[in-house]
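Architecture and fold: a report
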Amino acid sequence: MSSSPEVKAAKPKKSVALSGVVAGNTALCTVGRTGNDLHYRGYDILDFADRAQFEEIAYLLVHEKLPTRAELDAYKKKLRGLRKLPKELKAALENIPRSAHPMDVMRTGVSVLGTLEPEKAAHSIAGARDIADRLMASMGSMLLYWHHFTHHGKRIEIETDDDSIGGHFLNLLHGKKPGEEWVRAMHTSLILYAEHEFNASTFACRVIAGTGSDPVQRALRRHRRPARPEARRRERVLLPGPVQIFRSK
């Protein structure tokens, strides 16, 4: 009679920082629920990352549902109207050194914009959504206004008629209307990086928001680090071929 094979006890998972500690619940996003996956409000990103527009997913994350065609058109129109920058913000961006890290540029730009367009004391949900929309629409304008001024001595016009945030970004970067493939690549990339559950920047933002302080600048500071590897892997799989958005010099 053969003896049963000895069953070895599973090794406990190595603890890394706060792994295993419950930090909170979120309906926004889950990462790795069944492996190397990513879900936004219950939707698997593989179902729409290579087809949807980024503005559709932004609407889903901010407004808790996918938009109708009429809602998407109205939302994109709203975002197009939020791209402009106050002259005081442009002046501040012009004084940031050329050597600055792009995340530091955006963090500083958001801080200045917050003094020019301060948040109301009521902290309403509608007000928070308006702030999210304003930042989404204008951060590309901040970064590229600074880039062209500090690298080329040019004060660019940052309001364009591009239909999307990705198209607007590419237009400002290269000074011409982008091709459809490039815009599609931007939609996919922005969707993949839009939300990653409780990563470091989200956790920092949540802690600071819990004190009643302004969390956005600190969250941006936490983003000054390499992108999550699973997001980079998804981007390589889903992007339509070798699209070069930035040119290295």
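Anyway, here's the lowdown on the structure attached to this text. Residue numbering note: each chain is counted from 1, following its sequence as written. In view of the model being predicted, local features appear only for residues whose pLDDT reaches at least 70, and side-chain atom pairs are presented and counted only at 80 or more, with totals across whole chains, interfaces and linings using the full set of residues. Side-chain figures throughout are based on the complete set of non-hydrogen atoms in the structure, without hydrogens or water.

**A word on the packing of helix H6 (residues 165-174) against helix H7 (residues 180-193)**
Where helices are involved, their axes are fitted lines through C-alpha atoms of the stretch in contact, as for all axes, and angles between N-to-C directions lie from 0 to 180°. Numbering of helices and strands runs from the N terminus; a helix is a DSSP stretch of H or I covering at least four residues, while a strand is a stretch of E covering at least two. Between H6 and H7, whose axes approach to 8 Å, the crossing angle comes to 120 degrees. Classified by the angle between their axes, H6 and H7 sit oblique to one another. Helix-helix and strand crossings are classified by hand; for H6 and H7 the assignment is right-handed. Along the contact surface, H6 presents Ile-165, Gly-166, Gly-167, Phe-169, Leu-170 and His-174, while H7 presents Trp-182, Val-183, Met-186 and Leu-190. Polar here means any residue outside two lists: the nonpolar Ala, Val, Leu, Ile, Met, Phe, Trp, Tyr, Cys and Pro, and the charged Asp, Glu, Lys and Arg; Gly therefore counts as polar. A class-by-class count of the residues in the contact of H6 with H7 yields seven nonpolar, three polar and no charged. Between 65 and 115 degrees an angle is taken as roughly perpendicular, under 35 as roughly parallel, over 145 as roughly antiparallel, and anywhere else as oblique. By the definition used in this description, the sense in which the near helix is turned from the far one sets the handedness, with an anticlockwise turn below a right angle giving left-handed and a clockwise turn giving right-handed. A contact between two residues is defined here by any heavy atoms of the two lying within 4.5 Å.

**Examining the sheet that holds strand E3 (residues 43-44)**
Read from one edge of the open sheet, three strands run E1-E2-E3, paired in antiparallel fashion. Edge positions in the sheet fall to strand E1 (29-31) and E3, since each of these pairs with one other strand and no more. In this scheme, strands are said to pair when DSSP sees at least two bridges between them. The pairing of strand E2 (residues 38-40) with E3 spans two bridges and is antiparallel. Within E3, the residue paired with His-39 across the bridge is Asp-44.

**A short note on the packing of aromatic side chains**
The description of an aromatic ring pair uses the distance of the two centres, along with the angle that the planes make with each other. Pairing of aromatic rings covers Phe, Tyr and Trp, the last through its six-membered ring, and needs centres within 6.5 Å; plane angles under 30 degrees mean stacked, over 60 mean edge-to-face, and all others mean tilted. Taken as a whole, this structure holds two aromatic pairs when the rule is applied. On the basis of an interplanar angle of 85 degrees and a centroid distance of 5.2 Å, the ring pair of Tyr-59 and Tyr-75 is categorised as edge-to-face. Of the two residues, Tyr-59 is situated in helix H1 (residues 54-63) and Tyr-75 in helix H2 (residues 69-80); the sequence distance between them amounts to 16 residues. Residue burial is assigned from relative accessible area. The probe radius is 1.4 Å, only protein chains are included, and a residue is buried under 20% of its type maximum, exposed over 50%, and partly exposed in between. Overall, the relative accessible area of 11% leaves Tyr-59 in the buried class.

**Thoughts on the nonpolar core**
Only buried residues count toward a nonpolar core. Its members are Ala, Val, Leu, Ile, Met, Phe, Trp, Tyr and Cys residues joined through side-chain atoms within 4.5 Å. Counting 23 residues, the largest nonpolar core has Leu-85, Leu-93 and Met-142 as its most contacted members. Of all the elements in the fold, those that place two or more residues in this core are helix H3 (87-94), helix H4 (102-116), helix H5 (125-152) and H6. Top contributing element to this core by residue count: H5, with seven residues. Setting aside residues no more than four positions away along its own chain, Leu-85 makes contact with Lys-90, Leu-93, Ser-138, Ser-141, Met-142, Tyr-145 and Ile-158. Listed in part, the 21 residues of the second largest apolar core include Leu-38, Ala-52, Ala-58 and Ile-165.

Function cannot be inferred from these measures alone, as they are strictly geometric.
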